[in-house]
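Chain and residue survey
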Amino acid sequence: MKTKRFTPFMVALAGSVLAVGSMNAQETPHQRDSLMSLNKNAIQQIAPGQGHAAGQSGFWGYAFGDYAYMAKGDSAGRGTKQQYKGLGANSAAIKTPNAFEIRRAYLGYDYNINKHFSAYALLAYEGDEDVSDNRTVYLKYIYLKWKNIWKNSNLRIGQQATNSFASDYNTEPLMGYRASEKTIMDMHGMDGSSDMGLELDGRLWTHMGGDTSKVPTFIGYSAMVGDNSGNNPVPAFTGTASSLAAVPSTSSLTINPINNTTDNAKKFRGQLYVNCLNNTLTVGAYADYINYGDEGFHDLNGKSSSILQQAVMTQKVYAVYNSKWFGVGGELVMQSMKNGEIEAYKVVKGVSTGTNDTTTAEQMGFSVFAHGTIIQNTLNVFARYDMYTPDTKYAFNANETFTSFMSNVSSSGNGNSYKETFMNFGLDWTPTKDKKVHIMPNVWYYGIKNGYGADNLESSNYMLYRVTFLFAFN
């Protein structure tokens, strides 16, 4: 069996934490308040379960959608899990697909039980349909929060946001503009945005002293263990839940690729970050691990192969700076699956051995993003660029045939994985003083660069012109 050593992304984080741990902020209290308003300005930066006024009970919600006009699409319908995948395949019948659509609608309720406990529930529409093709909602979050279970730490139990990208001080709320697009991890299904389980978060250290009018530097953490079943109940435990095997391949749900029914495997997630410079700079790292145990496989010829361990690990580092007038950030993520691919023939020094072998499947991507203020509290500009490789070993390798068990790489063949590029840029206009309404004209581009795949398809792209709208209520 071939193995490949993980490249540790988080080694440099400890040095970064120590380097910035004692920094003092530079902005005035007025600027800090303006920054807080700017963070709330995007609405999508509201953390799950925090949509209503802190410490109060009440309903809250928001929705976003677009008028989208597709100028170009990929006739082969490629593009892993991005939201317009396959739309270009209809270009022969519909030359310029266009539509008005809601992509997300949230209705949440926060209930403050007492000073120690609070409860959160959230209904969500995110493109789901019932049997009659009507829009339908589902229960995205339902959890209990134990506040200050010990000093500066909170415990959550139930269906909740994962700490892979959607939690506080993580890339989704720090980047903002979720209304325009998901984060790179979410877009490519590296983890779900919610899961059933236990989560503990808080602060490990806070810098004491200095200017008390400014937000102190602190080191935060989040640790979670969950079912890795997304929003789906674990089959057989509810008595009515259907098997996860029925989840369509187009779903963004990250499911257990080995055993799609009841499973003992649990996913362990961890996040560590430092927040400094008066709440403007956050540097963090995230990792997760799930071990599916030993599984038996068949090779590409249908013959039984040996029993092998399969485990998935994700590593991510990120840094984001947000000030009153601009913000900039980036993240780098890699996910591997041990024994995640079977090669039809092992090639040694260019010569086929005629035997099958397994290897670790790997996918990798990075994302950089920025926004700036043109007119304070009225008009912003934003931009983003991603580069993503679904399979780092076979994207440009024509010598070996493989089958991948990674949920994101659904095809097999002679190196028919693609390198994919995403770009998005636009304006964010806020016409109301309360900043709960946003209109965002933007350009959405997704490029697919073919390797030496057996399908012999040329490189292509999706190009959409959109007017995105967002409104909030609480």
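If you're wondering where the values come from, they're calculated on a predicted model, not measured in any experiment. By convention here, each chain's residues receive numbers from 1 onward along its written sequence. This being a predicted model, a pLDDT of at least 70 is required before a residue's local features are given, and a value of 80 or more before pairs of side-chain atoms are given or counted; all residues contribute to the totals for chains, interfaces and linings. In computing side-chain values, all of the structure's heavy atoms are included and hydrogens and water are not.

A tally of regular secondary structure across the chain gives four helices and 20 strands. Burial classes: relative accessible area under 20% of the type maximum marks a residue as buried, over 50% as exposed, and values in between as partly exposed (1.4 Å probe, protein chains only). The proportion of buried residues among the 474 residues of the chain is 49%. Contact criterion: two residues are considered in contact whenever any of their non-hydrogen atoms come within 4.5 Å of each other. Contacts in the chain between residues far apart in sequence, at least 24 positions, make up 66% of those at least 6 positions apart. To be clear on the numbers: accessible area is Shrake-Rupley with a 1.4 Å probe, and residue cover counts the displayed protein chains and nothing else. Taken as a whole, the chain presents about 21400 Å² of accessible surface, with 59% of it coming from carbon and sulfur. Comment: elements are numbered from the N terminus, with helices defined as DSSP H or I runs of at least four residues and strands as E runs of at least two.

Moving on to the pairing of strand β18 (residues 419-429). Pairing between strand β15 (residues 379-389) and β18: ten bridges, direction antiparallel. Bridge assignment links V381 to a residue of β18, and that residue is L427. Strands qualify as paired when DSSP identifies two bridges or more between them. Inspection of the sheet shows β18 paired to strand β19 (residues 437-449) by nine bridges, in the antiparallel sense. When the sheet's bridge partners are listed, M423 is paired in β19 with Y445.

What counts as a ring pair is set by centres within 6.5 Å for rings of Phe, Tyr and Trp (its six-membered ring), and what kind of pair is set by the plane angle: stacked under 30 degrees, edge-to-face over 60, tilted for all other angles. Using the criterion set out here, one finds 19 aromatic pairs in the structure. With a centroid separation of 5.0 Å and an interplanar angle of 25 degrees, the aromatic rings of Y120 and Y143 are classed as stacked. In this pair, Y120 sits in strand β3 (residues 117-125) while Y143 sits in strand β4 (residues 138-150), placing the two residues 23 residues apart along the sequence. Just as Y120 is buried, Y143 falls in that class too. Relative to Y273, the ring of Y169 has its centre 5.1 Å away and its plane inclined at 15 degrees; by these criteria the two rings are stacked. Here Y169 is found in the loop between β5 (153-161) and α3 (171-175), whereas its partner Y273 is found in strand β8 (residues 267-276), with 104 residues between them in sequence. Residue Y169 is classed as partly exposed on the basis of its relative accessible area of 24%. Residue classification places Y273 among the buried positions, given a relative accessible area of 7%. Put simply, the rings of W60, Y62, F64 and Y106 pair up and form one aromatic cluster. In our convention, an over-ring charge means Lys NZ or Arg CZ found within 6 Å of a ring centre and within 35 degrees of that ring's normal. Taking NZ or CZ as reference, R203 lies 3.6 Å from the ring centre of F218, over its face.

All right, on to the environment of M440 then. In this structure, M440 sits in strand β19. Owing to a relative accessible area of 1%, M440 belongs among the buried residues under this scheme. Residues M440 and D66, 374 residues apart in the sequence, show an inter-C-alpha distance of 8.9 Å. Beyond its immediate chain neighbours, meaning those up to four positions away, M440 contacts Y177, A179, F382, L427, D428, R466, V467, T468 and L470.

Attention shifts here to the side chain of R156. Structurally, R156 can be placed in strand β5. According to the relative accessible area criterion, R156 is buried, its value standing at 11%. Excluding residues within four positions of it along the chain, R156 makes contact with Y143, L144, K145, G197, L198, E199 and D201.

What follows is about unusual backbone geometry. Located in the positive-phi region is L277, a residue other than glycine, with phi close to 55 degrees. Topologically, L277 is positioned in the loop between β8 and β9 (281-298). Its identity as a non-glycine residue notwithstanding, N278 has a phi of 60 degrees, on the positive side. Checked against the element boundaries, N278 lands in the loop between β8 and β9.

Bringing the pattern of salt bridges into the picture now. Just to be clear on terms, a salt bridge is a Lys or Arg side-chain nitrogen sitting within 4 Å of an Asp or Glu carboxyl oxygen. Under the definition given, this model contains 16 salt bridges. A salt bridge links R269 to D195; the shortest N-O distance between them is 3.1 Å. With R269 in strand β8 and D195 in strand β6 (residues 194-206), this residue pair connects regions lying 74 residues apart in the sequence. D195 carries the same exposure label as R269, and that label is buried. Overlapping salt bridges bring together D191, D195, K267, R269 and D288 as one network.

On average, residues of the chain score 76 in pLDDT, and 67% of them reach the 70 mark or higher. Known as pLDDT, the predictor's confidence for each residue is given on a scale from 0 to 100. Throughout residues 395-402 the model reports pLDDT below 50, and contacts reaching past four residues in sequence, or to other chains, amount to 41 contacts. Counting interchain partners and residues more than four positions distant, the pLDDT-below-50 stretch residues 407-416 has 37 contacts.

Counting 36 residues, the largest nonpolar core has W444, Y446, Y462 and L464 as its most contacted members. Those elements giving two or more residues to this core turn out to be β1 (58-72), β3, β4, α4 (184-187), β15, β19 and β20 (460-473). Excluding anything up to four places from it in sequence, W444 contacts Q82, Q83, Y84, S180, E181, F422, M423, N424, Y462, M463, L464 and R466. Residues grouped as a nonpolar core are buried Ala, Val, Leu, Ile, Met, Phe, Trp, Tyr and Cys residues, joined through side-chain atoms within 4.5 Å.

This paragraph deals with the environment of E458. Structurally, E458 is set in the loop between β19 and β20. By relative accessible area, which is 66% here, E458 ends up exposed. Between the alpha carbons of E458 and A76 there is a distance of 9.7 Å; along the sequence they are 382 residues apart.

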